[in-house]
There are 2 protein chains.
Amino acid sequence: MSEGEFEFIARRLRPLATARGALGLTDDAALLDPVPGRQLVLTKDAMVAGVHFLPDDPPGQIAQKLLRVNLSDLAAMGATPLGYLLALARSGDIADDWLAAFCTGLAADNAAFGIALLGGDTVATPGPLTLSLTAIGEVPAGAALLRAGARPGEDVWVSGTLGDAALGLKVLRRESEVADEARAWLIERYRLPQPRLALGQALRGIASAAIDISDGLVADLGHILEVSGVGAEVHAAALPLSAAARDLPGARDAALSGGDDYELLFTAPPKRRDELEALARQLDLPLTRIGAIRVDPGLLVLDQKGQELRVRKAGWQHF
Amino acid sequence: MSEGEFEFIARRLRPLATARGALGLTDDAALLDPVPGRQLVLTKDAMVAGVHFLPDDPPGQIAQKLLRVNLSDLAAMGATPLGYLLALARSGDIADDWLAAFCTGLAADNAAFGIALLGGDTVATPGPLTLSLTAIGEVPAGAALLRAGARPGEDVWVSGTLGDAALGLKVLRRESEVADEARAWLIERYRLPQPRLALGQALRGIASAAIDISDGLVADLGHILEVSGVGAEVHAAALPLSAAARDLPGARDAALSGGDDYELLFTAPPKRRDELEALARQLDLPLTRIGAIRVDPGLLVLDQKGQELRVRKAGWQHF
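What comes next concerns the included structure. Not measured: the values here are computed from a predicted model.

Now for the sheet that holds strand β5 (residues 130-140) of chain B. The sheet built from five strands is open, its strands ordered β1(A)-β2(B)-β5(B)-β3(B)-β4(B) with mixed pairing. Each end of this open sheet is capped by a strand with a single partner; those strands are β1 (30-32) of chain A together with β4 (116-124) of chain B. Ignoring which end each strand starts from, the neighbouring axes of this sheet average 20 degrees apart. Examined bridge by bridge, β1 of chain A and strand β2 (residues 38-48) of chain B share three bridges and lie antiparallel to one another. The residue of β2 of chain B that forms the bridge with alanine 30 of chain A is leucine 42 of chain B. The sheet strands contacting helix α1 (residues 5-13) of chain B are β3 (80-90) and β4 of chain B, and the helix crosses β4 of chain B at an angle near 155 degrees.

Written out as structure tokens, the structure is:
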């Protein structure tokens, strides 16, 4: 027999609600004590089984991905995460075991990121499992990184490596054959993004604009360009590729247009280069200059000879 | 041809995002400036087409109900609403017109309650339309109404009338026949709850415990009793019934166990009776004493002769 809603909340969710303001999940809402001089940062992402994750992905990793894509939004704003609210629409095929493993994933990331469940809602659905998470973070007032702010002449930077997640999804769908070790790495990059929280926080006061790469480099850089009212050129040969991705067919396309990498894409004045290189060493995270902001609108992607490459322009449209 | 995601956001959602911290929905997250001396109050409810609303309910009213069930949670905490984030998982049958009407409903309630859209996410689903909303409010620090706090000897109070929404749902499902005027009133009570925000705020410092009635009086009073570690007796004849509900079969059962009324249920010491009666007049909202808190655990529902009534004990289990 299936756990009822109240049993699920008491047994599985209450242990995750370790923040005082969560009130043990016994109340209608959670309380949060803002710290004077800080702004709160709020973000909300939804995920649907079969659309945003594969139904046979490990449940703990689905929970972690749901949490981390939201933490990645906080990272892109330079925020420190505080906690989250979860809405879970349970489909008939989701067993108690599955939910228990899902909550174990949340518990692991609560510990990893120093956060707690604050509240939420659990409902039933005749459709696929549908998840929505609202993450709350904080930044010193006025210090949040925004998408608007990129100026001509500034460098375009990206963290980590690009295209891994898109290639990992291809591997899972058996559309790509790779060696075992590379396979495991690419799949982990797809299933378990690393929100670049320490980087985002360190970029406050350095980056002029920032975004996380969820829809793909071209689409997400497009968002910065649009709200900043500028253009950019990007050098395809400069895109950082992982050892696992480098020799695979489609690696460059994945780096340009693949989504789900959750690396940070940001702009900064050239005079900050030394600082950023030192930061990369300090965080043990590659930071790569991939191009420059221009006055002329639009995004030019250039090959090694300086010729313009044609790139699939559209990023992800979610519906 | 259907509006794409970006067109939908730009055309329909951006006009709702009138708060400065929503950043015109151009960023990864929203910013909120907490007011010193206030706590934030956070709540999140989800609704699924066919489960929490009828697929042919008017889209604007679905939007308003989604918003208002969350505002009702804020009301139960004594909070003032500030804004909200919305996740919308769009099913294939949802046309652009439907979404436009949905957003018109949000706009109406933004104006009515002085709030704004802060952010969110739009995704596609192969299942039914699924909605999740996170509402944010504020209370003076330490002043939030909680469920714990009811003490033996205190009065149990309820606002408005009970059972209307459950009877309205029956009418919509053609399980009940009523006159036209009563029909319209009951359906509106089901579709368009009135979050008791002014009452909740006025109850700060008066009520010892509070909750909104979403799962039914018996279930929701049970939540107060459980976390307060007390029992209660309730007089069935004292339950406030609307003129439309009064003579319908099943009205008393609906008042005891029907959900979705979104009235406030609260406890207060007997010495606050005069104040509460004055408050009822001031707000033009009936406040009715329906029973008392007892030392002995459990909930007794008594008829006019003081005999115990048997009541369906379980409230809503959501999955």
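Read on for the rest.
Unoccupied space between atoms shows up once a probe the size of one water molecule is rolled over them. Scanning the model with the defined rule gives three cavities of 30 Å³ or more in all. As a volume, the largest cavity reaches approximately 90 Å³. Lining the largest cavity are 15 residues, with Thr130, Leu131 and Ser132 of chain A together with Thr130 and Ser132 of chain B sitting closest to its centre. The set of elements that each furnish at least two residues to the lining of the largest cavity consists of β3 (80-90) and β5 (130-140) of chain A together with β3 and β5 of chain B. Here the lining of the largest cavity is composed, by residue class, of 11 nonpolar, four polar and no charged.

For these two chains of identical sequence, chain A goes onto chain B by a turn of 180 degrees and a shift of 0.0 Å along the axis, with RMSD 0.0 Å. Read as a symmetry element, the transformation amounts to a two-fold axis. Across chain A, the rotation axis passes nearest the C-alpha of glycine 127 of chain A, at a separation of 2.1 Å. A shared interface surface links the copies, since 100% of the contact residues of chain A are contact residues in chain B too.

Nonpolar side chains in soluble globular proteins generally cluster together in the buried interior. Counting residues in hydrophobic clusters, the biggest one holds 130 residues, and the most contacted among them are Phe102 and Phe266 of chain A together with Phe102 and Phe266 of chain B. Looking at this core, the element that brings in the most residues is helix α2 (residues 59-76) of chain B, giving nine residues. Those residues within four positions of phenylalanine 266 of chain B in sequence are excluded, and the remaining contacts are Asp155, Val156, Trp157, Leu199, Leu203, Ala207, Ala209, Ala210, Leu276 and Leu287 of chain B.

Glancing now at the interface of chain A and chain B. Taken together, the contacts link 67 residues of chain A with 67 residues of chain B. For the pair chain A and chain B, the summed buried surface comes to about 5300 Å²; carbon and sulfur atoms form 62% of the total. Put simply, chain A and chain B have two salt bridges between them. Between arginine 147 of chain B and aspartate 28 of chain A there is a salt bridge whose closest N-O contact spans 3.0 Å. One can count 22 residue pairs in polar contact (both at pLDDT 80 or more) joining chain A with chain B.

Before going further, it helps to spend a moment on the pairing of β5 of chain B. All names here are of chain B. Counted residue by residue, β5 has 10 buried out of 11 residues, so it is predominantly covered. Pairing analysis gives 11 bridges linking β2 to β5, with the strands arranged antiparallel. The residue of β5 that forms the bridge with arginine 38 is proline 140. In this sheet, β5 lies alongside β3 in antiparallel orientation, the contact comprising nine bridges. Considered in β5, the bridge of glycine 83 is made with isoleucine 136.

Here the focus is the environment of lysine 170 of chain B. With respect to the helices and strands, the residue lysine 170 of chain B is situated in helix α4 (residues 164-172). Setting aside residues no more than four positions away along its own chain, lysine 170 of chain B makes contact with Glu175 and Ser176 of chain B.

Evaluated as defined, the whole model comprises 30 salt bridges over all chains. Arginine 196 of chain B is the partner of glutamate 263 of chain B in a salt bridge, and the nearest nitrogen-oxygen pair spans 2.8 Å. Of the two residues, glutamate 263 of chain B sits in the loop between α9 (251-257) and β9 (264-268) while arginine 196 of chain B sits in the loop between α5 (180-191) and α6 (197-202), which places them 67 residues apart along the sequence. Arginine 196 of chain B matches glutamate 263 of chain B in its accessibility class, with the two residues each being buried. Each of the salt bridges in this network shares a partner with another, and the network as a whole consists of Asp164, Arg189, Arg196 and Glu263 of chain A.

This part covers the packing of α4 of chain B against α5 of chain B. Residue and element names in this part refer to chain B. Orientation of α4 relative to α5, taken along the N-to-C sense of each, is 110 degrees, at an axis distance of 7 Å. Comparing their axes, α5 and α4 come out roughly perpendicular. Between α4 and α5 lies a crossing of left-handed hand. Two secondary-structure elements touch here, α4 through Asp164, Ala165, Leu167, Gly168, Leu169, Val171 and Leu172 and α5 through Arg183, Trp185, Leu186, Ile187, Arg189, Tyr190 and Arg191.

Residue and element names in this part refer to chain A. If you trace the backbone, serine 91 turns up in the loop between β3 and α3 (96-113). Of the polar contacts made by the side chain of serine 91, one reaches the side chain of aspartate 93; its length is 2.5 Å. Non-local contacts of serine 91, meaning those with residues more than four positions away in its chain, are made with Thr125, Gly127, Pro128 and Leu129.

Reading the values: the criteria
Residues numbered from 1 in each chain as written. Chains lettered and ligands numbered in written order. Predicted model: local features only at pLDDT ≥ 70, side-chain atom pairs only at ≥ 80, totals over all residues. Heavy atoms only, no water. Pairing = 2+ DSSP bridges. Helix = DSSP H or I, 4+ residues; strand = E, 2+ residues; numbered from the N terminus. Axes fitted to C-alpha atoms, helices over the stretch in contact; angles between N-to-C directions. Contact = heavy atoms within 4.5 Å. 1 Å grid on protein atoms, 1.4 Å probe; cavity = no way out; pocket = protein on both sides within 12 Å on 5 of 7 lines; lining within 4 Å. Points joined across faces, edges and corners; volume = space filled by probe spheres on them. Nonpolar A, V, L, I, M, F, W, Y, C, P; charged D, E, K, R; others polar. Least-squares fit on C-alpha atoms with pLDDT ≥ 70 in both. Core = buried A, V, L, I, M, F, W, Y, C linked by side-chain atoms within 4.5 Å. Buried < 20%, exposed > 50% of the residue type's maximum accessible area, 1.4 Å probe, protein only. Buried area = accessible area lost by both parts, 1.4 Å probe. Salt bridge = Lys/Arg side-chain N within 4 Å of Asp/Glu carboxyl O. Polar contact = N/O pair within 3.5 Å; in protein donor to acceptor, adjacent residues only side chain to side chain. Parallel < 35°, antiparallel > 145°, perpendicular 65-115°, else oblique. Left-handed = near helix turned anticlockwise from the far one by under 90°.

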